[in-house]
Every structure is written in structure tokens, then in C-alpha cells.
Amino acid sequence: MSRWQYSCEHTGPGTLAGRYMRQFWQPVHVLDKIPPGQARPLRIMGEEFTLYRGESGTPYLVDSHCAHRGVQLSVGRVDGEEIACLYHGWKYTGLGQCVEQPGELDEQFSSRVKIRGYPTRDYHGLVFAYLGKGDAPEFPIHQALEGEGIHEARSYERDCNLTNFLDNQLDEVHVGFTHPVGYARLPEIPKVRISRTKFAAVSHCSRPGRVDRISEFLMPNMLRFKSTTPYEGVNWADAVAWRVPKDDATTLSFTINRYVTTKEGEEAFLARQKRLRALPVPDVNAFAKRILAGELTFDQAMEEMGEHDPRYDVTLQDHLTMQGQMVVSNREAEVLGQADTGVVAVRDLWNEQLEDLDKYGEGRVWILPPPTVLTSGEDLQETG
Ligand code: FES
Ligand SMILES: [Fe+2]
């Protein structure tokens, strides 16, 4: 019998964990992956939506289908800040209010038609939306991402449940094994100490001869961390990552990095970023599936990928471990050790919060904990 009665395995509409997740602003897309004037279908926590950008560039999130006869709105046309259905031109505002029905004679009819529309916000290049009930809570600003630096928003998809992903957040022992080369230059097995507050768990990882690596998991699905990069002229990057279920079988990862560079390093860094962004994006999930099926080795995958942004190597390594646990890892069968203290802390946080929600319902106040001083674990000058 697992010690956790509650988990975030199911996040669809109406589920307990889904209700919990929907109390928070969640990232749903990278802003510049959708040009102004275009629309995309989205699936988030088992629900379908339409994300479109008005001609001003503002992102809007509305229902997936037209109220009239149910055509998928993402194939419609963006007109100014509104979106018109491709079938008969019913037009909606970004809050879902129907404002035009070209084939209808009753001019008042449209005012009685509304689809779902959600508050959205662009934060350092990620589109966030509030999908919960009632008014959206205040948008949490992460101090680590504010201030000078080069911001970068990224996302990828991993074919596993949110639980596999969150179990990994403070699993520091995996770093040296799963990522032996490249970005994670922390090969030693760390000693891990976890400290807990009501909404967060902080891992302090010591490795011989290095400063501690301190990272922080925040409920419900955020990881704050600091890292160095192999880029010349980059001092460090502050990062916040969000793991958002697409559904119970696939999880999206969104990250905002704030790179702090030297004055001289800035230009070279931007040029490198531009070059990496122009490279083809490998289908990392497909490579992971082939490796897990025994059809390919990791090294062969690297060769087949050709030149690519080396951060996808890390993504592929993590795909192999988290997808290799099956879609949902089997907690009943696992054998936890003392090194899993971070895994336990994250599960405990979820268990406590869901028990609270189950007993008392929505409305409990969540507060963004004050910034913790985070460190990358590498022996570098890290300030700010
Ligand atoms: S189905 Fe959308 S306008 Fe008719
Ligand atoms: Fe990893």
C-alpha cells in the first residue's frame, strides 16, 4: 500500500488534481511559435482549446469548437483581435463572445451566444492562461526571471504522465547517471538534503569540491533552478520550468531561462542562439520510442539527428528514463531508497494539498514563496 492516498495522475476536468492545477496560471504555448493572425488547436489537461494571436500579437484562448454547428475554430480566420469560424463566419472575441453571424437576420442573436474564453498573459515569451473557475488569481512574478539578461522561452513534449515527470524534479542522483556528458557537468553522486515548507521543497545537494546545488520545487508543477552553460561569456542562467499535462499520457514542459552574460559574451551568445534556432528540431519523442523498442542506440540516434541544439540530448536522456517507467510509473512495485528523499517530498506536497482540497474545497490561498537563493552546483561566481 502506497503512503500516498492522493496523486496528480489524473488531471482531466472534474478530477481532484485537475481542479487543483486549474487554480493556477499555467503556461500553454511558446508565444513566438504562433505568428500573429494565426490559430492553433491545443490540448491541455485533457481539454481542447483554440489558441490564436490577434493581429496586434496578443494571445487569446477560447473554446475548441464553434457554438453554431461545432466546427473546429483553429481552422478559422483571425480578423483583428477576433476569430471567425471557417464554416459560416460566426465571429468571436478573445473572451468567447459571439459578435457576428453573417447568415443570421436577427442582429440580437449573437449577443446570446458565447463560447468559453480564458484570461491569458504573455510572460517572457510564454503564453499563460487561467483555466479555473471564477476570477484569475494574481499572476505570480518570479524574481529570478526579472532584471537584466537574455530571456528564452522553450517547450517540449514528453510521452508520460505528470507523476513520472514530477518525481524527477528533485531527483538529483539521476543527474550524473542519466546525463554523463554535456550540459549536466555534475558527475559525482551528491549528498541530498531536502527542506520543506507548505508549498515548496528545496533540495541542497553537496558534491565534493563544489558549491552546493540548490533547486526548488514549487507546487503544483514548478521547478526553479540555476545552471551554468557551456556557452562562452554566459555566467549563469536562472530558470523556472512548468510541467503541464497535455493529458494523462503526455506532459508538456515549458521553461523560461534568463541568461546572464558578460558584456563581451552577449553578442556571441545571441549569434549562437540564432544559429541553434535555425537548425531542424529533432523529433525527440520518436527517437526515444525507437531506443526504448531496442531499434536504435543513443549514439545512433545522435548520429541520425545530425547537427542539432545539444539541449535535445538532455531531453532525449530524460525521455528514456521517464518514458521508460511506462506511461504511469507503478508506485506499488517500486523500491524507494534514502536517495529518493526529493521524490518523497514532492509526492508529500501533492498528497497534503489534494487532501486539503478534497476536505475543504477550493479557495485556500496559495502564496508564491519568497525567492530562495539557488545555486548551480558548479564552482563559479554566482550572484544575483
Ligand atoms: S459551424 Fe461555425 S459558423 Fe457554422
Ligand atoms: Fe534529467
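Residues numbered from 1 in each chain as written. Chains lettered and ligands numbered in written order. Predicted model: local features only at pLDDT ≥ 70, side-chain atom pairs only at ≥ 80, totals over all residues. Heavy atoms only, no water.

Details of the coordination of the iron ion (ligand 2)
Here is the rule: Coordination shells were defined by N, O and S atoms within 2.8 Å of each metal, extended to 3.2 Å for Na, K and Ca; water is absent from the atom set, which can make sites look incomplete. Each helix corresponds to a stretch of at least 4 residues labelled H or I by DSSP, and each strand to a stretch of at least 2 residues labelled E; elements are numbered beginning at the N terminus. Working definition: with a 1.4 Å probe on protein chains only, accessible area under 20% of the residue-type maximum means buried, over 50% means exposed, and in between means partly exposed.
Protein-derived coordination of the iron ion (ligand 2) comes from His-174 (NE2), His-179 (NE2), Asp-318 (OD) and Asp-318 (OD), at a distance range of 2.1 to 2.6 Å. When the donor residues of the iron ion (ligand 2) are listed from N- to C-terminus, their spacing reads H-x4-H-x138-D. Of this pair, His-174 sits in helix α3 (residues 174-178) while Asp-318 is found in helix α7 (residues 311-323), placing the two residues 144 residues apart along the sequence. Looking at Asp-318, the relative accessible area reads 9%, which means it is buried.

Some points on the pattern of salt bridges
In a structure, side chains of opposite charge can pair up when their charged atoms sit close to one another. What counts here: Any carboxyl oxygen of Asp or Glu that lies within 4 Å of a side-chain nitrogen of Lys or Arg is treated as forming a salt bridge with it.
Going through the model one piece at a time under the given rule, you end up with 27 salt bridges. With a shortest N-O distance of 2.3 Å, Arg-43 and Glu-48 are connected by a salt bridge. On the basis of relative accessibility, which here comes to 29%, the residue Arg-43 falls in the partly exposed class. Judged by its relative accessible area of 34%, Glu-48 falls in the partly exposed class. Close ionic contact of Arg-196 with Glu-352 constitutes a salt bridge, the shortest N to O distance being 2.8 Å. With a gap of 156 residues between them, Arg-196 in strand β13 (residues 191-196) and Glu-352 in helix α8 (residues 341-360) connect regions that are remote in the sequence. Three or more residues joined by partner-sharing salt bridges are found here, namely Arg-22, Glu-47, Asp-63 and Arg-116.

What about the pairing of β13?
Quick note on the threshold: The rule for pairing is simple: two strands pair if DSSP sees at least two bridges between them.
Relative to strand β14 (residues 200-206), β13 runs antiparallel, the two being bridged by 6 bridges. If you follow Arg-196 over to β14, its bridge partner there is Ala-201. Adjacent in sequence and paired antiparallel, β13 and β14 are bridged by 3 residues.

Here's the deal with the sheet that holds strand β2 (residues 39-44)
Taken in spatial order, the 4 strands of this open sheet run β2-β3-β4-β9, and their pairing is antiparallel. A single partner strand is all that each edge strand has here, and the edge strands are β2 and β9 (117-118).

Notes on the domain arrangement of the protein chain
The criterion, for reference: Boundaries between domains were set according to an automatic or database domain assignment. Here a residue-residue contact requires only that any non-hydrogen atoms of the pair lie within 4.5 Å. What gets called buried area is simply the loss in accessible area from a 1.4 Å probe that two parts show on being joined, summed for both.
According to the domain assignment, the protein chain contains domain 1 (29-130) and domain 2 (143-376). A separation of 32 Å is found between the C-alpha centroids of domain 1 and domain 2. Taken together, the contacts link 12 residues of domain 1 with 15 residues of domain 2. Counting each side, the surface lost to burial between domain 1 and domain 2 is near 1,100 Å², with a carbon and sulfur contribution of 66%. Among the residues of domain 1 in contact with domain 2, Arg-43, His-124 and Leu-126 are the three that bury the most area, contributing 45% of the side total.

Section: the environment of Gln-72
Mapped onto the elements of the fold, Gln-72 is located in the loop between β4 (59-63) and β5 (77-79). Note on Gln-72: relative accessible area 35%, which makes it partly exposed. Between the C-alpha atom of Gln-72 and that of Pro-41, which follows or precedes it by 31 residues, the distance is 8.1 Å. Setting aside its immediate chain neighbours within four residues, Gln-72 contacts Pro-41, Ser-64 and His-65.

Quick notes on the sheet that holds strand β6 (residues 82-84)
The strand order across the open sheet formed by 4 strands is β5-β6-β7-β8, and the pairing between neighbours is antiparallel. Two strands bound the open sheet, and with one partner strand each, they are β5 and β8 (98-100). Bridge analysis of β6 against strand β7 (residues 91-92) gives 2 bridges, and the strand direction is antiparallel. Directly across from Ala-84, in β7, lies its bridge partner Lys-91.

Some details on the nonpolar core
Spelled out, the test is: We define a nonpolar core as any set of buried Ala, Val, Leu, Ile, Met, Phe, Trp, Tyr and Cys residues linked to one another through side-chain atoms lying within 4.5 Å.
The biggest cluster of nonpolar side chains holds 55 residues, and the ones touching the most others in it are Tyr-20, Ile-44, Leu-61, Leu-131, Phe-217, Trp-242 and Trp-350. Both domains that furnish three or more residues to this core are identified here as domain 1 (29-130) and domain 2 (143-376). Excluding residues that lie within four positions of it along the chain, Trp-242 makes contacts with Gln-26, Pro-27, Leu-126, Phe-128, His-142, Leu-145, Asn-221, Met-222, Leu-252, Ser-253, Phe-254 and Ile-256. One finds Tyr-60, Val-62, Tyr-92 and Cys-98 within the second-largest nonpolar core, a separate group that totals 14 residues.

As for the side chain of Ser-203
Along the polypeptide, Ser-203 turns up in strand β14. Among all residues touching Ser-203, those that are not within four sequence positions of it are Leu-170, Val-192, Arg-193, Ile-194, Arg-213, Ile-214 and Ser-215.

Things to note about the pairing of strand β10 (residues 120-123)
Bridge count for β10 against strand β11 (residues 126-130) is 4 bridges, and the pairing is antiparallel. Opposite Asp-122, over in β11, you have Val-127 as the bridge partner. Hairpin remark: β10 followed by β11, antiparallel, with 2 residues in the connecting loop; positive phi at His-124, about 50°.

Here's the deal with the packing of helix α5 (residues 284-292) against helix α6 (residues 298-305)
Convention followed: Every axis corresponds to a line fitted to the C-alpha atoms, with the helix fit spanning only the stretch in contact, and the corresponding angles, defined between N-to-C directions, vary from 0 to 180 degrees. We call two directions roughly parallel when the angle between them is under 35 degrees, roughly antiparallel when it is over 145, roughly perpendicular when it lies between 65 and 115, and oblique otherwise. Helix crossings fall into two classes, left-handed where the near helix is turned counterclockwise from the far one by less than a right angle and right-handed where it is turned clockwise. Side-chain classes follow a simple rule in which Ala, Val, Leu, Ile, Met, Phe, Trp, Tyr, Cys and Pro form the nonpolar group, Asp, Glu, Lys and Arg form the charged group, and the remainder, Gly included, forms the polar group.
In the contact formed by α5 and α6, the axes pass within 10 Å of each other and the chain directions differ by 150°. One element, α5, and the other, α6, form an angle in the roughly antiparallel class. Crossing geometry of α5 relative to α6 is assigned as right-handed. Listed contacts from α6 to Phe-287, Arg-290 and Ile-291 of α5 are Phe-298, Ala-301, Glu-304 and Met-305. When grouped by side-chain class, the residues that make up the contact of α5 with α6 number 5 nonpolar, no polar and 2 charged.

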